[in-house]
Amino acid sequence: YSTVINAFAKAHDVDGARRSLQQMVLKGITPNSVSYCTVIHACAKGGKPDEALEWFKKMKEEGLSGSVVAYNSVIDALGKAGRYTEAVAMMQQLKDDGLVPDRVTYGSIIAAAS
């Protein structure tokens with residue numbers, strides 16, 4: 001399923017990526033962090049920051065840890081939506097989870113502040 005989700009994401013088909021993950025769950029297959037991250041990234045690139053944040057929260061609720069990549073996708077989506085304060089709060093959550101911000105993290109924060 002991760003490959004199918006990734007194909008939809010690369011085609012900028014957010015709905016297809018989301019539907020594939022939902023089908024996966026309905027069939028009793030537990031998504032891994034890669035599957036969630038791909039949907040989060042697709043939502044972020046598709047200009048859907050609320051959906052990216054929602055999938056991020058679902059991933060965390062499932063007990064999967066957020067990766068720097070997943071955080072960066074959400075931070076970037078929030079920043080592009082003009083939600084600078086939320087983007088900074090997400091970066092702080094990244095740090096609180098024991099992860100280290102990278103160039104992409106800081107670049108997204110700087111772009112959001114511009």
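Thresholds applied
Residues numbered from 1 in each chain as written. Predicted model: local features only at pLDDT ≥ 70, side-chain atom pairs only at ≥ 80, totals over all residues. Heavy atoms only, no water. Helix = DSSP H or I, 4+ residues; strand = E, 2+ residues; numbered from the N terminus. Rg over C-alpha atoms; globule rule 2.2 N^0.38 Å. Buried < 20%, exposed > 50% of the residue type's maximum accessible area, 1.4 Å probe, protein only. Areas by Shrake-Rupley, 256 points an atom, 1.4 Å probe, with all protein chains shown as cover. Core = buried A, V, L, I, M, F, W, Y, C linked by side-chain atoms within 4.5 Å. Phe/Tyr/Trp six-rings, centres within 6.5 Å; stacked < 30°, edge-to-face > 60°. Lys NZ or Arg CZ within 6 Å of the ring centre and 35° of its normal.

S.K.: For this particular structure, what's the right way to read the overall build of the protein chain?
M.R.: Counting its regular elements, the protein chain contains 7 helices and 0 strands. Starting at the N terminus and ending at the C terminus, the protein chain contains elements arranged as α-α-α-α-α-α-α. Rg of the C-alpha trace for the protein chain: 13 Å, near the compact-globule value of 13 Å for 114 residues, within the 12% margin. Viewed in the frame of its principal axes, the protein chain has a C-alpha envelope of about 40 × 30 × 20 Å. Looking at the protein chain residue by residue over its 114 residues, the buried ones come to 40%. Working note: accessible area of the protein chain is about 6200 Å², and carbon and sulfur atoms make up 54% of it.

S.K.: Please clarify how unusual backbone geometry should be interpreted in this entry.
M.R.: Of all residues except glycine, most have a negative phi; of all peptide bonds, most are trans. Positive phi outside glycine occurs at histidine 12, with the angle close to 60 degrees. Inspection of the secondary structure puts histidine 12 in the loop between α1 (2-10) and α2 (14-26). A relative accessible area of 67% means that histidine 12 is categorised as exposed.

S.K.: Looking at this structure, how should I read the nonpolar core?
M.R.: Ile40, Phe56, Val74 and Met90 are the most contacted members of the largest nonpolar core, which totals 30 residues. Broken down by secondary-structure element, the contributors of at least two residues to this core are α1, α2, α3 (33-45), α4 (49-61), α5 (68-80) and α6 (84-96).

S.K.: When you look at the packing of aromatic side chains in this model, what are you seeing that I'm missing?
M.R.: Here the distance between the centres and the angle between the planes together describe a pair of aromatic rings. Considering all chains together, one arrives at 2 aromatic pairs under this definition. On the numbers, 4.7 Å between centres and 65 degrees between planes, the contact of phenylalanine 56 with tyrosine 71 is edge-to-face. Placement of phenylalanine 56 in helix α4 and of tyrosine 71 in helix α5 is noted, with a sequence separation of 15 residues between them. Exposure remark for phenylalanine 56: the relative accessible area of 2% places this residue in the buried category. Stacked on the ring of tryptophan 55, the Lys or Arg lysine 58 has its end atom at 4.3 Å from the ring centre.

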